[in-house]
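Descriptive structure summary
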Amino acid sequence: TAKFKPYNFAALGQDQGAGRLHPLLKVRKEFREIFLEMGFEEMPTQRFVETSFWNFDALFQPQAHPARDMQDTFFIKDPAQTLTIPEDYLVKVKSTHETGDCATGGPQDPAAAPVGSFGHRTPWLRSEAEKNLLRTHTTAISAQMLHKLAQEKEFRPAKYFSIDRVFRNETLDATHLAEFHQIEGLVVDKNLTLGDLMGTIQAFFAKLGMHDIRFKPTYNPYTEPSMEIFNYHQGLKKWVEIGNSGMFRPEMLRPMGFADDVSCIAWGLSLERPTMILYGIDNIRDLFGHKVDLHMIRTNPVCRLTVDKS
């Protein structure tokens, strides 16, 4: 009879080389679950190419703004221009940019009260609005969702979110990439305040175990007031900006057809930087891109998020 070696039940099995979840995917999943727990609806963001109209003009961002230069934005060569812009809305956006005298009105704003703005006082060119580009933020999708909401017969409050890639012609360093993920959230309702925005953001990050949040006043073309969001990075030993926020300006909301008592609070957060803070990574290029250490991907913990489910 054959003799077999005794079976060692304590021995480790052979590594099967199976795939591992990237830390970004883990944090993305947690962000998405928290948004859903808070009653948000996910926006469709399956399109990387956008028009300058939705990416900039619908947000009341002036056509002469530096962010619209080739040094900051990746424009598409072919096709270079779009053929689809809602004409009635385009007329209102053009009027708001040039003089502020937007011809408001719609199912939710039959009175069509004036916006009360001076606009940018510069000529608005359709050719600039028709340019195609790689979206610089998912706020382009937010604008389209809000415009669609404003066309409904009666106003209804809404909460939207999205998590997807955006593209900017950035100088690469320890905290910046040309391609990264943006988390977008917005709440539209009547008579919202800045306190509602700050409280929502703090409650959101508290669910991720990130309680040390600070706000800093800043300027955004399409929000007023506006705030940058900071969290302390233990590895870098400094406060790191993780997002931007504010209240959408009336010059953005009123041309869509919202009444003057409707407000919208919104914020855009990076996915990479909170992941760096939670996983103790000092350089964003070690997290996303061709320099990623595959050993780190294989050996990182199942989940390092201190999630507060309360």
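Scroll up to find the structure this text is about.
The rules behind each value
Residues numbered from 1 in each chain as written. Predicted model: local features only at pLDDT ≥ 70, side-chain atom pairs only at ≥ 80, totals over all residues. Heavy atoms only, no water. Pairing = 2+ DSSP bridges. Helix = DSSP H or I, 4+ residues; strand = E, 2+ residues; numbered from the N terminus. Contact = heavy atoms within 4.5 Å. Axes fitted to C-alpha atoms, helices over the stretch in contact; angles between N-to-C directions. 1 Å grid on protein atoms, 1.4 Å probe; cavity = no way out; pocket = protein on both sides within 12 Å on 5 of 7 lines; lining within 4 Å. Points joined across faces, edges and corners; volume = space filled by probe spheres on them. Buried < 20%, exposed > 50% of the residue type's maximum accessible area, 1.4 Å probe, protein only. Core = buried A, V, L, I, M, F, W, Y, C linked by side-chain atoms within 4.5 Å. Expected span 1.5 Å × (residues − 1). Nonpolar A, V, L, I, M, F, W, Y, C, P; charged D, E, K, R; others polar.

Pairing within the open sheet is mixed, and its seven strands lie in the order 1-4-5-9-8-7-6. For this open sheet the edge positions go to strand 1 (41-42) and strand 6 (213-220), each flanked by a neighbour on one side alone. Pairing of strand 8 (residues 238-248) with strand 9 (residues 262-270), which is carried by five bridges, proceeds in the antiparallel orientation. Across the sheet, residue G246 finds its bridge partner in strand 9, namely A266. Helix 5 (residues 139-150) contacts strand 4 (158-167), strand 5 (179-190), strand 8 and strand 9 of the sheet and is inclined by roughly 25° relative to strand 5.

This brings us to the pairing of strand 8. Here strand 7 (residues 223-233) pairs with strand 8 via nine bridges, running antiparallel. Note on strand 8: the bridge partner recorded for S226 is G246. In this structure, the hairpin formed by strand 7 and strand 8 is closed by a connection of four residues, where K237 is found at a positive phi of approximately 60°.

Moving on, we get to the layout of surface pockets. Roughly 960 Å³ of volume is contained in the largest pocket. Sorting the residues of the lining of the largest pocket by element identifies strand 5, strand 6, strand 8, strand 9 and helix 8 (272-279) as the ones contributing at least two each. Counting residues per element, the lining of the largest pocket draws most heavily on strand 8, at seven residues.

On to the pairing of strand 4, then. The buried fraction of strand 4 is high, at eight of ten residues. Where strand 1 lies against strand 4, two bridges are found, and the strand directions are parallel. Among the inter-strand pairings, E41 is bridged to a residue of strand 4, identified as Y160.

In this structure, the amide linkage connecting D78 to the following residue, P79, adopts the cis form with an omega of -5°. Its place among the elements puts P79 in the loop between helix 2 (52-55) and helix 3 (87-98). Put simply, E224 and P225 share a cis peptide bond, and its omega is 0°. Structurally, P225 is set in strand 7. If you check the backbone angles, F60 has positive phi at about 65° while not being a glycine. Phi is positive for N191, which is not a glycine, with a value near 60°. Tracing the backbone shows N191 in the loop between strand 5 and helix 6 (194-206). Accessibility expressed as a relative area gives 58% for N191, which makes it exposed.

This part is about the nonpolar core. Core analysis: the largest hydrophobic core is formed by 39 residues, its most contacted members being F31, F204, F205 and W267. Ranked by residues supplied to this core, first place goes to helix 1 (residues 23-37) with five residues. Beyond its immediate sequence surroundings of up to four residues, W267 is in contact with F35, F40, I183, E184, G185, L186, V187, L197, T200, I201, N244 and S245. If you look at the next biggest cluster of nonpolar residues, it comprises 32 residues, including M43, A150, M252 and M256.

End to end, helix 5 covers 16 Å across twelve residues, agreeing with the expected 16 Å (1.5 Å per residue, within 8%). What helix 5 keeps buried is the set T139, A140, I141, S142, A143, M145, L146, H147, L149 and A150.

Rolled over the atoms, a probe as big as a water molecule pinpoints where empty space is left. A complete count under the given rule lists one cavity of 30 Å³ or more for this structure. Here the residues of the lining of the largest cavity are counted per class, giving three nonpolar, four polar and no charged.

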